[in-house]
Amino acid sequence: MNVFRDSRPAAADRPPRQPPPLPQPTTGLRQRLSELRGPGVRPRPLDARALAALAANPGCRRRSLLDGAGVDKAALAGALGSPAPFGQSQFALARGNSFEARVKADDGADLMRLLHERMDAGAAPPEPGAVAVPDLSAAGPEGRAARTALALREATTAGGWALLDHPMLTLEVAGSPAYLEPDAVVVHPDGGWTVVEIKSFPMIDGAADPAKVGAAARQAAVYVLALERVAAQVAAATGRTVPVRDRVLLVCPKDFANLPTAEAVDVRKQLATTRRQLQRLTKVEDIAGQLPPGITFDLRLADDGKTVTRSAEELAEAVEAVDAAYAPECLAACELAFHCRGRSRAAGAVESLGRGVRGELGGLRTVAEVLEAAGTGRAEDGTGDGRAGDDRTGVGSLARTDCGAGADDHPATDLSPGAPATEALRRAAALRSEALAAARRAQASAQAEEAPCR
């Protein structure tokens, strides 16, 4: 319907503008990503856990491209000879599915009771049979996402309790749409929306493992971010502001039983971090456009669908064509982390020692440069011979452990005595030399005292 300028609402009453639709990959980009995966290889969908890990390391172009193209990183790591022991056991998966079914039984009666008690005690309690549970089935992820958006709009307009079981949400990641499936989303009578995370780790005496709760919060923050986009669309269509709550409901087994308990988790910090980091991601199209022609991550599986026929050397060459940003934290979040760690150590990169160490070393990029800077400082104050490999600098053993023969291939950076990192290394080397000299004097004195007794 055409709307004339005269009939538009005033600016104060105008509903929020509907955000633009999620960008879809162009035909050329889809073809390029298909070539990267290999002919006939279906893309692996991104889940919230992978997105949270990607947001935690937005500078890794390698992971951005592989995840954006839907490459199976676990299979790729295995073919490279550096498999990662990731994934849940079948027993853990079965236990988690059983607990989730228990929580959602009887149209989510236990779930709604817990949510009312923990997050919305001021509202009318959800009566049995009065909670709407819309059917979200549709063809394909695009259809399910559209059906979810419609169900959320209808439930918000109705003004009652509603439980959406495994809705489908969309989120733009590096210029491409990602489809996400939270455990549940609850619509409150006031129109607010709450994300529900159901986990199988226990809450003992009302407290759960902080590391696991933190991981669940980061995952839930991705869902909240995706849900905010749907809320903007509903607000644009209805003119009604839809609050997406920044506290999520974490449901876990109580103690070691199968009975559910829950706590509200504030995810504002994780939400702000995830939003900022996802905005920093380089677009997949830009990364793919900078690759040499002919690069592909196709494993070329045999007819049995399991045997890799492509050589590890050829795959490694393709992987190394994309820059990575390795850090020890990757070992808990990325399937390719062991391969990247091996390459980082072989190159003598200081990143393999952690982001904190990397930040303290300033412009020094390799362990060889660190050794050279420390040796230069020692030579200036007469406490050493200035050799980069001198173990008395305190980092020689580190070089043998965390770098390989390729460390000397990197060009030196700023090793001037006035550089802050060089000064710190010089002082550390001098202090260590003094401490070792004092220890040797004490040992010699003790041996001299014991000599007459013998």
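It should be noted that the structure appears before, not after, this text.
What you see is a predicted model, and the numbers here were worked out from it, not measured in a lab.

Caption draft 1: Main features of helix α9 (residues 268-280). Under the 1.5 Å per step criterion, the end-to-end length of α9 is 19 Å for 13 residues, consistent within 8% with the ideal 18 Å. Among the residues of α9, those classed as buried are Gln-270, Leu-271, Thr-274, Gln-277 and Leu-278. One face of α9 carries all of its buried residues, which in axial projection span an arc of 145 degrees. Away from the buried face of α9 by more than 90 degrees, exposed residues Arg-268, Lys-269, Gln-279 and Arg-280 are located. Lining the buried residues of α9 we find α2 (48-56), β2 (169-173), α8 (210-238) and β7 (260-266).

Caption draft 2: Layout of the environment of Gly-40. As for its placement among the helices and strands, Gly-40 is situated in the loop between α1 (27-37) and α2. The sequence separation of Gly-40 and Asp-298 amounts to 258 residues, and the corresponding C-alpha distance is 9.9 Å.

Caption draft 3: The arrangement of the nonpolar core in detail. Judged by nonpolar contacts, the single largest core of 78 residues is most densely connected at Leu-51, Leu-65, Leu-76, Leu-171, Val-173, Trp-193 and Phe-297. Element by element, the count of residues in this core is highest for α8, at 13 residues. Setting aside residues no more than four positions away along its own chain, Leu-51 makes contact with Leu-46, Leu-171, Val-173, Ala-178, Leu-180, Val-222 and Leu-278. Core analysis: the second largest hydrophobic core is formed by 18 residues, Val-103, Met-119, Ala-123 and Ile-198 among them.

Caption draft 4: Representation of unusual backbone geometry. A positive phi angle, near 50 degrees, is found at His-166, a position not held by glycine. Secondary-structure assignment places His-166 in the loop between β1 (162-165) and β2. Its identity as a non-glycine residue notwithstanding, Asp-205 has a phi of 55 degrees, on the positive side. Looking at the element boundaries, Asp-205 is found in the loop between β5 (193-198) and α8. Judged by relative accessible area, which is 74%, Asp-205 ranks as exposed.

Caption draft 5: The arrangement of the pattern of salt bridges in detail. A complete count under the given rule lists 22 salt bridges for this structure. As a salt-bridge pair, Arg-144 and Glu-181 come within 3.3 Å of each other at their nearest N and O atoms. With Arg-144 in helix α7 (residues 140-158) and Glu-181 in the loop between β3 (176-180) and β4 (184-187), this pair connects stretches of sequence that are 37 residues apart. Owing to a relative accessible area of 36%, Glu-181 belongs among the partly exposed residues under this scheme. The shortest N-O distance in the salt bridge between Glu-320 and Arg-343 comes to 3.9 Å. Taken together, the positions of Glu-320 in helix α11 (residues 312-320) and Arg-343 in helix α12 (residues 337-346) put the pair 23 residues apart, joining distant regions of the chain. For Arg-343, a relative accessible area of 43% corresponds to the partly exposed category.

Quick notes on the rules
- Residues take numbers from 1 onward in each chain, read along the sequence in its written order.
- For this predicted model, a pLDDT threshold of at least 70 governs which residues receive local features, and a threshold of 80 or more governs which side-chain atom pairs are given and counted, while totals over whole chains, interfaces and linings are taken from all residues.
- Side-chain metrics rest on all non-hydrogen atoms present in the structure, leaving aside hydrogens and water.
- A run of H or I in DSSP counts as a helix once it spans at least four residues, and a run of E counts as a strand once it spans at least two, with each numbered from the N terminus.
- A helix is expected to span 1.5 Å multiplied by its residue count minus one.
- Partly exposed describes any residue whose relative accessible area lies between the buried limit of under 20% and the exposed limit of over 50%, with all areas from a 1.4 Å probe on protein chains only and scaled to the type maximum.
- It is the directions from the helix axis to the C-beta atoms whose arc is reported.
- Whether two residues are in contact is decided by their heavy atoms, any of which lying within 4.5 Å being enough.
- We define a nonpolar core as any set of buried Ala, Val, Leu, Ile, Met, Phe, Trp, Tyr and Cys residues linked to one another through side-chain atoms lying within 4.5 Å.
- Salt bridges are identified by distance alone: a Lys or Arg side-chain nitrogen within 4 Å of an Asp or Glu carboxyl oxygen.

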